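The chain contents come next:
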Amino acid sequence: MENDELVQLEKKYFLPVGKRLPVTLVRGDGVDVWDINGKQYLDFVAGIAAVSLGHCHPAVVKAIERQSMELMHTSNYYYTIPQVKLAQLLCDSAKMDKVFFCNSGAEAVEGLIKTARKWGKEKRDGAYEIIVAENAFHGRTMATVTAAGTEKYRAPFTPLLEGFVRVPFNDINAIKKATTGKTAAVLLEPLQGEGGVILPDDGYLPAVRAWCDEAGILLMLDEVQSGVGRTGKLFAHQHYGIVPDAMAVAKALGSGFPIGAFLTLDHCSVMGLGEHGTTFGGNALACEVGFTVLSYMLEHDIPGEAAKRGDYVGRRLHSLADRHPMVSEIRGIGLIWAIEFSGPIGEDVVNKCLAEGLLVNNVKPTALRLIPPLTVTEAEIDKALEIIERVLDGIEANPPK
Ligand SMILES: Cc1ncc(COP(=O)(O)O)c(C=O)c1O
């Protein structure tokens with residue numbers, strides 16, 4: 001099939017909920033992908049921060065090969081070895097007590113929301129409210145859309161769920177003011193990824209942790225984008241020396257294979273028999289992949305490598321900003337960065353980078369996000385930033401009216 005034919009078929013058969021770039025990707029290897037016409041791209045989107053070890057990593061491919069020949073799916077009526085192995089490794093490395101496996105980030109956050117409701121009912125006199133942040137993103141199910149900080153994600157689907165209280169991100173006093181006898185939990189991303197790579201002040205999460213302890217409510221973190229190595233630590237909250245009561249992970253855990261999980265400390269591991277479940281979640285194939293990815297990350301200190309590469313990206317981006325008046329801010333940590341522009345040129349930059357052989361996405365009309373595989377090399381970073389620099393040179397030489 002040709003690219004144009006695929007574009008026409010997509011128009012005919014798909015709900016038009018997302019905007020695709022006009023390329024059909026057919027192959028990937030590490031940080032490189034190739035389109036149907038044989039053109040090569042550096043992938044600084046990495047399946048939205050999911051392809052953590054790079055495309056088709058040999059360890060992941062082998063795990064899929066091996067496990068798919070043995071056993072893929074059984075339902076959770078039975079034990080499987082990969083599931084129990086991953087549960088132990090994930091809980092131990094996250095310093096959490098219990099885990100529930102699912103298939104995606106939104107499902108993992110749903111699990112947190114249900115946990116907050118059940119915990120409030122049992123342990124805090126029926127408290128059910130969850131304090132969430134403006135500009136947050138937690139997924140596309142009804143509960144996670146309700147938790148979202150962006151009006152456009154919520155508005156088409158009202159009436160929403162009850163009990164979500166929105167406060168500005170990075171404002172501890174707003175959380176304190178919003179806390180009442182009805183509050184069960186605070187749910188936050190340690191850094192807002194889809195919201196534009198917004199990092200809180202260093203003191204924010206420790207202050208939220210201290211407040212949740214004082215008020216007797218749960219601190220739940222959505223580490224779906226920030227977790228499993230992305231920020232240069234295994235989990236982003238480790239930068240702040242805190243431990244949440246519960247957290248959600250997904251994306252990087254599968255390095256491109258769908259898997260999600262939510263984890264809880266024992267004191268809020270409240271879900272009981274029959275109160276939660278999934279057909280596919282935690283199946284043997286997904287868990288063997290998750291176990292392989294997490295083991296590889298720990299054995300090769302991939303978070304530490306991401307931290308080093310991230311410092312390099314940061315230095316290069318700040319010097320790029322010095323040379324480009326249209327770059328107004330650089331934000332990021334580890335291997336999640338945003339270049340903020342002084343005008344809405346994000347889409348133009350994305351399209352021009354695509355033409356030059358670089359996949360990047362604009363997380364806002366005014367901001368480009370860089371989230372390459374955690375295995376990216378300095379040479380690949382150099383190549384990507386050279387393309388971005390060339391594209392910015394061109395736009396600045398001929399600025400939009
Ligand atoms: C912080 C966060 N939470 C939840 C989700 C939803 O994950 P999924 O798309 O796998 O449902 C995302 C996806 O980008 C995310 O960034």
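You'll find the structure just up there.
Rules of the game
- Residues numbered from 1 in each chain as written.
- Predicted model: local features only at pLDDT ≥ 70, side-chain atom pairs only at ≥ 80, totals over all residues.
- Heavy atoms only, no water.
- Helix = DSSP H or I, 4+ residues; strand = E, 2+ residues; numbered from the N terminus.
- Rg over C-alpha atoms; globule rule 2.2 N^0.38 Å.
- Buried < 20%, exposed > 50% of the residue type's maximum accessible area, 1.4 Å probe, protein only.
- Contact = heavy atoms within 4.5 Å.
- Areas by Shrake-Rupley, 256 points an atom, 1.4 Å probe, with all protein chains shown as cover.
- Salt bridge = Lys/Arg side-chain N within 4 Å of Asp/Glu carboxyl O.
- Pairing = 2+ DSSP bridges.
- Axes fitted to C-alpha atoms, helices over the stretch in contact; angles between N-to-C directions.
- Expected span 1.5 Å × (residues − 1).
- Patch = residues over 30% accessible without salt bridge, like charges linked within 9 Å, V, L, I, M, F, W, Y side chains within 5 Å.
- Near = heavy atom within 4 Å.
- Polar contact = N/O pair within 3.5 Å; in protein donor to acceptor, adjacent residues only side chain to side chain.
- Core = buried A, V, L, I, M, F, W, Y, C linked by side-chain atoms within 4.5 Å.
- Left-handed = near helix turned anticlockwise from the far one by under 90°.
- Nonpolar A, V, L, I, M, F, W, Y, C, P; charged D, E, K, R; others polar.

Points about the overall build of the chain
And step 1. A tally of regular secondary structure across the chain gives 13 helices and 15 strands.
And step 2. Radius of gyration (C-alpha) of the chain: 21 Å, near the 21 Å computed for a compact globule of 401 residues.
And step 3. In the chain, which comprises 401 residues, the proportion classed as buried is 54%.
And step 4. Looking at the chain alone, contacts between residues at least 24 apart form 71% of all its contacts between residues at least 6 apart.
And step 5. When the accessible surface of the chain is split by element, carbon and sulfur atoms take 55% of a total near 17900 Å².

Focus: the pattern of salt bridges
And step 1. For the structure on display, the rule yields 20 salt bridges.
And step 2. Note that E10 is salt-bridged to R20, the shortest N-O span being 2.5 Å. Of this pair, E10 sits in helix α1 (residues 3-13) while R20 sits in the loop between α1 and β1 (25-29), placing them 10 residues apart in sequence.
And step 3. R20 sits in the exposed class, given a relative accessible area of 55%.
And step 4. K364 serves as the salt-bridge partner of E340, at 3.4 Å between the closest nitrogen and oxygen. Linking E340 in strand β12 (residues 336-341) with K364 in strand β14 (residues 361-364), this pair joins segments that are 24 residues apart in sequence.
And step 5. Classification of E340 as buried rests on a relative accessible area of 10%.
And step 6. Residue classification places K364 among the partly exposed positions, given a relative accessible area of 27%.
And step 7. A cluster of three or more residues bridged by salt bridges with shared partners is formed by E329, R331, E340 and K364.

A closer look at the sheet that holds strand β15 (residues 367-370)
And step 1. Strands sit in the order β11-β12-β15-β14 across an open sheet of 4 strands; the sheet is antiparallel. Of all the strands in the sheet, just β11 (327-333) and β14 have a single pairing partner and so form its edges. Each adjacent strand pair in this sheet contributes to an overall mean axis angle of 30°, direction not counted.
And step 2. Of the strands in this sheet, β12, β14 and β15 are in contact with helix α12 (residues 346-356), which crosses β14 at around 170°.

As for helix α13 (residues 378-397)
And step 1. The terminal C-alpha atoms of α13 lie 28 Å apart, and with 20 residues this matches the ideal 28 Å at 1.5 Å per residue to within 8%.
And step 2. All of the buried residues along α13 are E380, I381, A384, L385, I387, I388, E389, V391, L392 and I395.

Here's the deal with the environment of K364
And step 1. Separated by 351 residues in sequence, K364 and Y13 place their C-alpha atoms 28 Å apart.
And step 2. Other than its neighbours up to four places away in sequence, K364 contacts G195, G196, R331 and E340.

Digging into a nonpolar patch on the surface
And step 1. There is a patch of nonpolar side chains on the surface, built from M1, L9, Y13 and F14 and spanning about 460 Å² of accessible area.
And step 2. With respect to the helices and strands, the residue M1 is situated in the segment before α1.

A closer look at the site of the ligand
And step 1. In the vicinity of the ligand, the contacting residues are S104, G105, A106, F137, H138, G139, E189, E194, D222, V224, Q225 and K251.
And step 2. The contact in question runs from an oxygen atom of the ligand to an N or O atom on the backbone of A106, over 2.8 Å.
And step 3. With respect to the ligand, the side chain of K251 contributes an N or O atom lying 3.0 Å from an oxygen atom.
And step 4. Starting from 390 Å² of accessible surface for the ligand in isolation, the protein chains cover 82%.

A closer look at the nonpolar core
And step 1. Counting residues in each nonpolar core, the largest one holds 83 residues, and the members touching the most others are F44, L90, L188 and L370.
And step 2. The element best represented in this core is α13, accounting for 8 residues.
And step 3. What F44 contacts, discounting residues up to four positions off in sequence, is V31, L358, L359, V360, R369, L370, I371, P372, V376, E380, I381 and A384.
And step 4. Listed in part, the 25 residues of the second largest apolar core include V109, W119, A147 and V224.

Describing the packing of helix α4 (residues 81-94) against helix α10 (residues 284-299)
And step 1. Contact geometry of α4 with α10 gives a least axis separation of 8 Å together with a crossing angle of 35°. Handedness of the α4/α10 crossing: left-handed. Residues P82, Q83, K85, L86, L89, L90 and S93 of α4 pack against A284, C287, E288, G290, F291, L294, S295 and L298 of α10.
And step 2. Considering only residue class, the contact of α4 with α10 consists of 9 nonpolar, 4 polar and 2 charged.

Let's talk about the sheet that holds strand β9 (residues 246-249)
For sheets, the rule is that strands pair by backbone hydrogen bonds, running either parallel or antiparallel.
And step 1. The mixed open sheet is built from 7 strands, whose spatial order is β4-β10-β9-β8-β7-β5-β6. In this open sheet, the two edge strands, each paired with only one partner strand, are β4 (98-102) and β6 (164-167). The mean inter-strand angle of the sheet, taken between neighbouring strand axes irrespective of direction, is 20°.
And step 2. Both strand β5 (residues 129-133) and strand β7 (residues 183-188) contribute to a ladder of 3 bridges, which runs parallel. Along β7, the bridge assignment pairs E129 with T183.

Here's the deal with unusual backbone geometry
And step 1. With an omega of 0°, the peptide bond running from T158 to P159 counts as cis.
And step 2. As for its placement among the helices and strands, P159 is situated in the loop between α7 (151-154) and β6.
And step 3. Its identity is not glycine, yet D125 carries a phi of approximately 60°, on the positive side.
And step 4. Tracing the chain through its elements places D125 in the loop between α5 (105-123) and β5.
And step 5. D125 gets classed as exposed once you look at its relative accessible area, which sits at 80%.
And step 6. Phi angles above zero are rare outside glycine, and N135 is one such case at about 70°.
And step 7. Mapped onto the elements of the fold, N135 is located in the loop between β5 and α6 (142-147).

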